[in-house]
Amino acid sequence: MQTLYLIDGYAQFFRHYHAIRTPMTSPVTKEPTNMTYGFVGMLLKLLRAEEPNLRRLGKPDYIAVALDVSGDRGTFRSQLDPQYKATRSEPPDDLEPQVQRCLKMLGTLGVPVVGAAGFEADDVIATIVRRLRKEKPDLKIRIISKDKDLKQLFEVVAEGEESPVELFDIHTDLAFDARSLNEDLGLTPDQVVDMLTLTGDTVDNVKGVDGVGEKTAALLLREWKTLDNLLAHADEIKGKRGEKLREAIPRLALAKQLVTLKDDVEIDFSLDRSRAEQIKLRELIPILRELGFNRYQDDVRKLVGEPADSQAPADDPDAEDRTSTPRRVKRSVTDFGGMGLFDALEKKDMAEREVDGSYRCVRTAKELGELVSELGAAAAVAFDTETTSLSPRDAKLCGLSFSTKAGTGWYVPVRSPSPGDHLDEATVLNALRPILEDAKKPKIGHNIKYDMMVLREAGVELGGLETTGSCDTMVASYLIDASRSSHSLDALALALLGRTNISITELIGSGKQQRCFDTVPIEQATTYAAEDADVTLRLSQLMMPQLERDGMRDLMQKVEMPLVGVLAELEHNGILVDPKELDSQRDRLQALIDGLLAELKEESIRAIDRTFDPDSPKQLAVALFNKPTDEPPGLGIKPIKKTKTGFSTDAEVLEKLAEDDSIETPIPKLILQYRQLSKLVSTYLVALKEAIHPRTKRVHASFNQTVAATGRLSSSDPNLQNIPIRTDLGREIRRAFIAPPGCVLITADYSQIELRLLAHLSQDPALIEAFRQDQDIHTAVAAQIHGVPPDKVTRDQRSGAKMVNFGIVYGITAFGLARRLGIDKSEAGAIIDGYKRRFAGITTFLVECVEQARRQGFVETMLKRRRPIPDVDSNNPSRRALAERLAINSVVQGSAADLIKVAMVDLHRRIRDGSDTALKDVRMLLQIHDELVFEAPETTAPAAMALIRERMEAAMDLSVPLKADAAMGKNWFEGK
């Protein structure tokens, strides 16, 4: 039996939109993609047919999409009843562009989209179903929808026969048919319209009988068979139900018209054009690449029978030989919509362009000399490295690529499958070292930090990053639009150059089959590597003028580009970690964990006469929230928060339960302690030991410059910024970070930096004066709020002021403050109102941040760093409120990020230049939020610490004094 899958278009669009609420955007076009991602996944799942309830019928023979084309108010039903669907709210701002993207994609694939003016998708589906049931009685029709209105299309069949019409929920893989209808409600398909008439539809604003739901309607119809018969005997229905039924009789005829599907709509539908085998799946791959859906690309290749790492179909007439020239992709600027600040790039810069490059391989000394001459004469040099590993400390250099003119590039191999066909590494680096190390020769690259570290391991100190004209295109992209989901070279090439770069997986594969770059034939390596240098140069030629127009040229040249070298230094230095201390702490915490587990076991047996797995949220929820009479029995605690799979047992829930005096059991508190200790062991003590480099005995974390939208740095592999410091046990982990013999660690961090910046940015006189007088800021604010002298401020008043001080730029609410302080909401509201009255300058500043976002679409930090705020005018209240909080927070937190970067660049330059004897042999190791960690000889550490504090406090000239606290010790804990 062949199968037609009919997709209820808008039903699926809305379902996927609400299923994936995390904001997603294309790394190329910047368009929203959360709904599109879900819809594409649904389509691919349907085509794979691997899940049991899909596999039962095999892969689809036919696919079509039914669509509402007249909107909610443009159908015959709204003419019958002007109130039909009148209560529906406007769709979210970011839904419609995704709908249009999906429709365009379906058109590209050749999937028919069927609609009819004046009718709904359900009517279109009904027409197709009824027509095909006559024309193709052996065809199975599966409707991808959960819409109860469509159940009127079911057909009763004899026992053992296959149902010809089903509703199919592709998210749960459950199918529904006439048998399901009978099992659930005891009804037949010809009773569905009567049931829908009785129940009405609140979503569509169809009024049925008040108080009659699906089960009640089914009960009535099982007894009276039809609506007409029920109404004829309405006087026999007793009680309130009878009253409501009789009261509804005048409107039920209209309700029945509204819920009855039309099955004779004039539509242009051809089953032959809906053949699944005709879908042009290969056309989906460039769309997926543009949308950033990397995971789905291999799914498509698998469906069309291609290797997972291939991007050029063998039978594609447009595919070219990848060993000589890159694939040619032409695209106009008009193809890239919704690119945020990237829209500001001039149209002439984004015109259609040929992307072929003239790429040369340097194999001989003569060719190397020609390259050196060209690089020496060039105003700036774009370059890239190819290596054997993503880890710069362990990578071996395979080659270097260069470009000085758009459309051209050179590749110099030093490792390959044929080493006799090119020069060796020493010869190449000796010739190129003067160019690479020239501090006056601007360098252009993408993620230069990696190349810098690789070259350093090879004995070359890269110079020229701080020279005017230097550019890291990854950093430039981040500055132009920090909200982009990807700043990768491939994503930017596709977005701004309309070019599909050669994928690295084409050359070296992926997964277990991946090989090293030094196994790639020279001809292919040349095209790939030289293209990267060429594309990087072209991107810089677009981006640098844009940074100039946006007022961020100084931020790029004076802060972000020098910072690349600073971060490379931090990653190279690493920090010494004592594995014995980690093991000692792990053993100590494990003993505490074992004690907690024993106590949990004892308490659970006492309270519910059984044990449960503390690592299982499901078992914990049963233990906490099941009633004592349930099976299995539980404590009978009232649940606080529900999830898709049951009741939540997250940290917030457990904290509330632990603080509830009416709950006598210690189980919530014990679970909280168990989770905290287990996380310390697994996430930090174990992971940190595994991260120690076997050769250096240090942890070399990566510091990420282009991740946080506020401008802050982040760290990974491992994430040192997440090491807990709020608890004594968490802070103890810092003891494992140690100084080598003869040295100490110096820590220096800014004191209350965001509040000081808030005072400067808002120019609030009261806050400025408090900082200038070096008062305890929380006491000073509490005194202002409550109108009392500072020495009369109570501990509770200071706590409230402190909470508002730290929360004001995050949009703290009366509810949030009340929860944190354990006071009622009205009291918390009074504290916030008092704050805003006494510090009116801050209130004005907060409003101005939001207004700037509305007026310009972005906000700026003190150094003109921009952050787009796209949802500030959203018609979704929660998204709009979040955008307003982001607007405020981004200015203050982004300025704090600017400040510490300026301090890092200054201190790094002084350490490197050797101009300050106090900093001789000092090494910068870590940046953690507003804190810097250094390693210094014991003999010079006091002087170094004083100078570090001095330079940090002089990093910016503010209306209030900057204050940095500094300390030193043999380990990071003592340094605090």
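A few points on the structure. (Residues numbered from 1 in each chain as written. Predicted model: local features only at pLDDT ≥ 70, side-chain atom pairs only at ≥ 80, totals over all residues. Heavy atoms only, no water.)

Here we look at the overall build of the protein chain
Right, so step 1: Helix and strand counts for the protein chain come out as 35 helices and 24 strands.
Right, so step 2: Computed over the C-alpha atoms, the radius of gyration of the protein chain is 33 Å, within 12% of the 30 Å expected from 2.2 N^0.38 for a compact globule of 976 residues.
Right, so step 3: Considering the protein chain as a whole, with its 976 residues, one finds that 53% of them fall into the buried category.
Right, so step 4: Contacts in the protein chain between residues far apart in sequence, at least 24 positions, make up 70% of those at least 6 positions apart. (Helix = DSSP H or I, 4+ residues; strand = E, 2+ residues; numbered from the N terminus. Rg over C-alpha atoms; globule rule 2.2 N^0.38 Å. Buried < 20%, exposed > 50% of the residue type's maximum accessible area, 1.4 Å probe, protein only. Contact = heavy atoms within 4.5 Å.)

A closer look at the pairing of strand E5 (residues 165-169)
Right, so step 1: E5 sits mainly inside the fold: 5 of its 5 residues count as buried.
Right, so step 2: Across the two faces of E5 the burial is the same, with Val 165, Leu 167 and Asp 169 and Glu 166 and Phe 168 all buried.
Right, so step 3: Of the pairings in the sheet, the one linking strand E4 (residues 140-144) to E5 comprises 4 bridges and is parallel in character. When the bridges of E5 are listed, Ile 144 appears paired with Phe 168.
Right, so step 4: Note that E5 and strand E6 (residues 174-176) share 3 bridges and pair antiparallel. (Pairing = 2+ DSSP bridges.)

Notes on the packing of aromatic side chains
Right, so step 1: One pass over the full model with this rule turns up 11 aromatic pairs.
Right, so step 2: Look at Tyr 10 and Phe 14: their rings are 6.4 Å apart centre to centre, the planes differ by 40 degrees, and that puts the pair in the tilted class. Residue Tyr 10 and its partner Phe 14 are both found in helix H1 (residues 9-19); the two are separated by 4 residues, about one turn of the helix.
Right, so step 3: In textbook terms, an aromatic cluster arises when at least three aromatic residues are bridged by ring pairs, as seen for Tyr 10, Phe 13, Phe 14 and Phe 39.
Right, so step 4: In this arrangement the basic side chain of Arg 142 is found over the ring face of Phe 168, its NZ or CZ atom lying 4.2 Å from the centre.
Right, so step 5: A cation sits over an aromatic face here: Arg 734 above Trp 972, 3.9 Å from the ring centre. (Phe/Tyr/Trp six-rings, centres within 6.5 Å; stacked < 30°, edge-to-face > 60°. Lys NZ or Arg CZ within 6 Å of the ring centre and 35° of its normal.)

Topic: helix H6 (residues 121-135)
Right, so step 1: An ideal rise of 1.5 Å per residue puts 21 Å on 15 residues; H6 measures up with 21 Å between its terminal C-alpha atoms.
Right, so step 2: By the criterion of burial, H6 is predominantly enclosed, with 11 of the 15 residues buried.
Right, so step 3: Within H6 the residues assigned to the buried category are Ala 121, Asp 122, Asp 123, Val 124, Ile 125, Ala 126, Thr 127, Ile 128, Val 129, Leu 132 and Arg 133.
Right, so step 4: Tucked inside the fold, the buried residues of H6 contact strand E1 (3-8), strand E2 (62-66), helix H4 (76-80), strand E3 (113-114), E4 and E5. (Expected span 1.5 Å × (residues − 1).)

A closer look at the side chain of Thr 127
Right, so step 1: Relative to the helices and strands, Thr 127 is located in helix H6.
Right, so step 2: Only 3.1 Å separates the side chain of Thr 127 from the backbone nitrogen of Val 265, close enough to count as a polar contact.
Right, so step 3: Excluding residues within four positions of it along the chain, Thr 127 makes contact with Lys 262, Asp 263, Asp 264, Val 265 and Ile 267. (Polar contact = N/O pair within 3.5 Å; in protein donor to acceptor, adjacent residues only side chain to side chain.)

Structural notes on the environment of Asn 53
Right, so step 1: Structurally, Asn 53 can be placed in helix H3 (residues 52-55).
Right, so step 2: Residue class for Asn 53 comes out partly exposed when judged on its relative accessible area of 23%.
Right, so step 3: As a C-alpha pair, Asn 53 and Thr 3 span 50 residues in sequence and 13 Å in three-dimensional space.
Right, so step 4: Apart from residues no more than four positions distant in its own chain, Asn 53 is found in contact with Arg 142, Phe 168, Asp 173, Leu 174 and Ala 175.
Right, so step 5: Among the polar contacts made by the side chain of Asn 53, one reaches the main-chain carbonyl oxygen of Asp 173 at a distance of 2.5 Å.

Description of the sheet that holds strand E11 (residues 443-445)
Right, so step 1: The sheet built from 6 strands is open, its strands ordered E7-E10-E9-E8-E11-E12 with mixed pairing. Each of the sheet's edge strands pairs with one partner strand only, and the pair in question is strand E7 (358-361) and strand E12 (471-472).
Right, so step 2: Pairing between strand E8 (residues 381-387) and strand E9 (residues 397-403): 6 bridges, direction antiparallel. When the bridges of E9 are listed, Phe 383 appears paired with Phe 402.
Right, so step 3: The strands that helix H15 (residues 425-437) touches are E8, E9, strand E10 (408-413) and E11; relative to E9, the one it contacts most, it runs at about 40 degrees.
Right, so step 4: Packing of helix H20 (residues 522-549) onto the sheet brings it into contact with E7, E8, E9, E10, E11 and E12, and relative to E7 it is tilted by some 130 degrees. (Axes fitted to C-alpha atoms, helices over the stretch in contact; angles between N-to-C directions.)

Description of the pairing of E4
Right, so step 1: Extensive coverage of E4 is indicated by the burial of 5 of its 5 residues.
Right, so step 2: Burial along E4 is two-sided: Lys 140, Arg 142 and Ile 144 facing one way and Ile 141 and Ile 143 facing the other are all buried.
Right, so step 3: Direction of pairing for E1 relative to E4: parallel, over a ladder of 5 bridges. Counted as the bridge partner of Leu 6 is Ile 143 from E4.

Describing the sheet that holds strand E24 (residues 964-969)
Right, so step 1: On the basis of which strands lie adjacent, the open sheet formed by 4 strands has the order E22-E23-E19-E24 and antiparallel pairing. This sheet does not close on itself; its edge strands, each paired only once, are strand E22 (923-928) and E24. Strand-to-strand twist in this sheet, taken as the mean axis angle between neighbours without regard to direction, amounts to 20 degrees.
Right, so step 2: As paired elements, E22 and strand E23 (residues 931-937) share 5 bridges and run antiparallel to each other. Counterpart to Gln 927 in the pairing with E23 is Leu 932.
Right, so step 3: Across the sheet, helix H35 (residues 941-953) touches strand E19 (743-750), E23 and E24, and the angle it forms with E19 is around 20 degrees.

Considering the packing of helix H31 (residues 814-821) against helix H32 (residues 825-838)
Right, so step 1: The contact between H31 and H32 brings their axes to 8 Å, and the two run at 110 degrees. With respect to their mutual orientation, H31 and H32 come out roughly perpendicular. For the pair H31 and H32, the sense of crossing is right-handed. Along the contact surface, H31 presents Ala 814, Phe 815, Leu 817, Ala 818 and Leu 821, while H32 presents Lys 825, Ala 828, Gly 829, Ile 831 and Ile 832.
Right, so step 2: Here the contact of H31 with H32 is built from residues that sort into 8 nonpolar, 1 polar and 1 charged. (Parallel < 35°, antiparallel > 145°, perpendicular 65-115°, else oblique. Left-handed = near helix turned anticlockwise from the far one by under 90°. Nonpolar A, V, L, I, M, F, W, Y, C, P; charged D, E, K, R; others polar.)

Digging into the pattern of salt bridges
Right, so step 1: Taken as a whole and judged by the stated rule, the model has 71 salt bridges.
Right, so step 2: Where Asp 554 meets Lys 558, a salt bridge forms, and the shortest distance between an N and an O atom there is 3.9 Å. Here the residue Asp 554 and the residue Lys 558 both occupy positions in helix H21 (residues 553-573), the gap between them amounting to 4 residues, near one helical turn.
Right, so step 3: Judged by its relative accessible area of 54%, Lys 558 is exposed. (Salt bridge = Lys/Arg side-chain N within 4 Å of Asp/Glu carboxyl O.)

A word on the side chain of His 422
Right, so step 1: By the element assignment, His 422 lies in the loop between E10 and H15.
Right, so step 2: There is a polar contact of 2.8 Å between the side chain of His 422 and the side chain of Ser 416.
Right, so step 3: When sequence neighbours within four positions are dropped, the list of residues in contact with His 422 reads Arg 363, Pro 413, Val 414, Arg 415, Ser 416 and Ile 522.

A short note on the nonpolar core
Right, so step 1: One finds Phe 737, Met 904, Leu 926 and Met 952 to be the most contacted residues of the largest nonpolar core, which totals 82 residues.
Right, so step 2: Considering every element that reaches this core, the biggest residue donor is helix H25 (residues 667-691), with 11 residues.
Right, so step 3: Once residues lying within four places of it in the same chain are set aside, the contact partners of Met 952 are Ala 748, Asp 749, Tyr 750, Ala 903, Leu 907, Asp 930, Leu 932, Leu 962 and Ala 964.
Right, so step 4: Counting residues in hydrophobic clusters, the runner-up holds 61 residues, among them Val 28, Leu 400, Leu 423 and Tyr 478. (Core = buried A, V, L, I, M, F, W, Y, C linked by side-chain atoms within 4.5 Å.)

Quick notes on unusual backbone geometry
Apart from glycine, the bulk of residues carry a negative phi angle, and the bulk of peptide bonds sit in the trans form.
Right, so step 1: Backbone torsion omega between Glu 631 and Pro 632 reads 0 degrees, so that peptide bond is classified as cis.
Right, so step 2: With respect to the secondary-structure elements, Pro 632 resides in the loop between helix H23 (617-625) and strand E14 (642-643).
Right, so step 3: Here the bond from Asp 717 into Pro 718 is cis, since omega is 0 degrees, no more than 30 degrees from zero.
Right, so step 4: Within the secondary structure, Pro 718 sits in the loop between strand E18 (714-716) and helix H26 (728-732).
Right, so step 5: You will see that Lys 225, though not glycine, has its phi angle at about 70 degrees, which is positive.
Right, so step 6: Considering the arrangement of structural elements, one finds Lys 225 in the loop between helix H9 (214-224) and helix H10 (227-232).
Right, so step 7: The phi dihedral of Gln 752 falls on the positive side, at around 45 degrees, and the residue is not glycine.
Right, so step 8: Relative to the assigned elements, Gln 752 resides in the loop between E19 and helix H27 (753-762).

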